[in-house]
Amino acid sequence: MGPWYKLYYRVGFTPWERAGARFAAVLDVFLAREGLTPGRALDVGCGTGRHAIELASRGWQVTGLDRVPLALERARRRAAAAQVDVTFVEADVTNLPAGVGDGFDLVIDLGCFHGLGVAERDAYGRGLDLAASPGANLLMFAFAPQRLPGLLPRGVSRADLERALSNWTVAGESAADVTSLPAMLGRADPHWFHLVHR
């Protein structure tokens with residue numbers, strides 16, 4: 001995670017919180033298509049908890065992790081207001097399963113992996129192997145690789161995923177609907193990836 005996220009949350013500059021605004025609709029299609037029933041879910045880089053809460057409202061036992069205490073504080077308030085039970089943990093996505101445990105059936109990543117450096121991605125992949133059950137599903141929202149990664153997260157290609165998440169199979173990829181995104185994020189060519197843990 002870049003060093004600026006704590007500051008961004010403090011000043012209220014969090015455009016990524018809108019990046020998954022259509023998550024509920026995407027989740028409806030994804031869960032129905034894959035025939036997934038509620039189990040244990042992990043939201044990596046959960047921010048203020050919007051997506052973790054959406055899963056919890058559907059009966060999933062959810063753990064959300066982030067490294068920004070202010071984001072987690074807001075997530076806990078949001079979950080209480082929604083009257084759902086979510087465990088929010090201050091933890092590092094490059095040091096899984098520390099702090100969150102293992103046995104997860106579903107992992108969601110809406111904009112975390114695509115901002116990590118190469119070594120961080122490798123650590124993320126190793127940790128995710130330990131945190132996820134065999135056959136677990138990973139639903140990821142990520143930008144395409146960026147020519148100017150200083151302005152946006154560096155982005156990710158299918159080859160990047162296959163290299164860092166070598167024990168996962170890319171089962172699907174589709175372009176994300178950009179109509180609800182700020183223009184700058186829409187131009188980042190976001191995609192949804194579906195991976196299955198071998």
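Bear in mind the structure is a predicted one, so any value in this text is a computation, not a measurement.

Participant: Teacher, can you tell me more about unusual backbone geometry here?
Facilitator: Both trends apply: most residues other than glycine have a negative phi, and most peptide bonds are in trans. Here L96 and P97 are connected by a cis peptide whose omega angle stands at 0 degrees. As for its placement among the helices and strands, P97 is situated in the loop between β3 (86-90) and β4 (104-110). One non-glycine residue with positive phi stands out, namely Q83, at about 60 degrees. Locating Q83 in the fold gives a position in the loop between α5 (69-82) and β3. The backbone of D189 sits at a positive phi, close to 55 degrees, despite the residue not being glycine. Secondary-structure assignment places D189 in the loop between α8 (183-186) and β7 (191-197).

Participant: Honestly, the pairing of β3 in this entry has me stumped. Any pointers?
Facilitator: When a strand is regular, its side chains alternate between the sheet's two faces. Bridging between strand β2 (residues 61-66) and β3 involves five bridges; their strand directions are parallel. In the strand pairing of β3, T63 is matched with T87.

Participant: For this particular structure, what's the right way to read the pattern of salt bridges?
Facilitator: Opposite charge on two side chains makes pairing possible when the charged atoms of those side chains draw close. Tallied over the entire structure, the rule returns eight salt bridges. Across the pair E34 and R33 runs a salt bridge whose closest N-O atoms are separated by 2.9 Å. Overall, the relative accessible area of 30% leaves E34 in the partly exposed class. On the basis of relative accessible area, R33 is assigned to the exposed category, the value being 53%. Taking the shortest distance from any N to any O, the salt bridge between R77 and E73 comes out at 3.0 Å. Residue R77 and its partner E73 are located together in helix α5, separated by four residues, close to a single helical turn.

Calculation criteria
Residues numbered from 1 in each chain as written. Predicted model: local features only at pLDDT ≥ 70, side-chain atom pairs only at ≥ 80, totals over all residues. Heavy atoms only, no water. Helix = DSSP H or I, 4+ residues; strand = E, 2+ residues; numbered from the N terminus. Pairing = 2+ DSSP bridges. Salt bridge = Lys/Arg side-chain N within 4 Å of Asp/Glu carboxyl O. Buried < 20%, exposed > 50% of the residue type's maximum accessible area, 1.4 Å probe, protein only.

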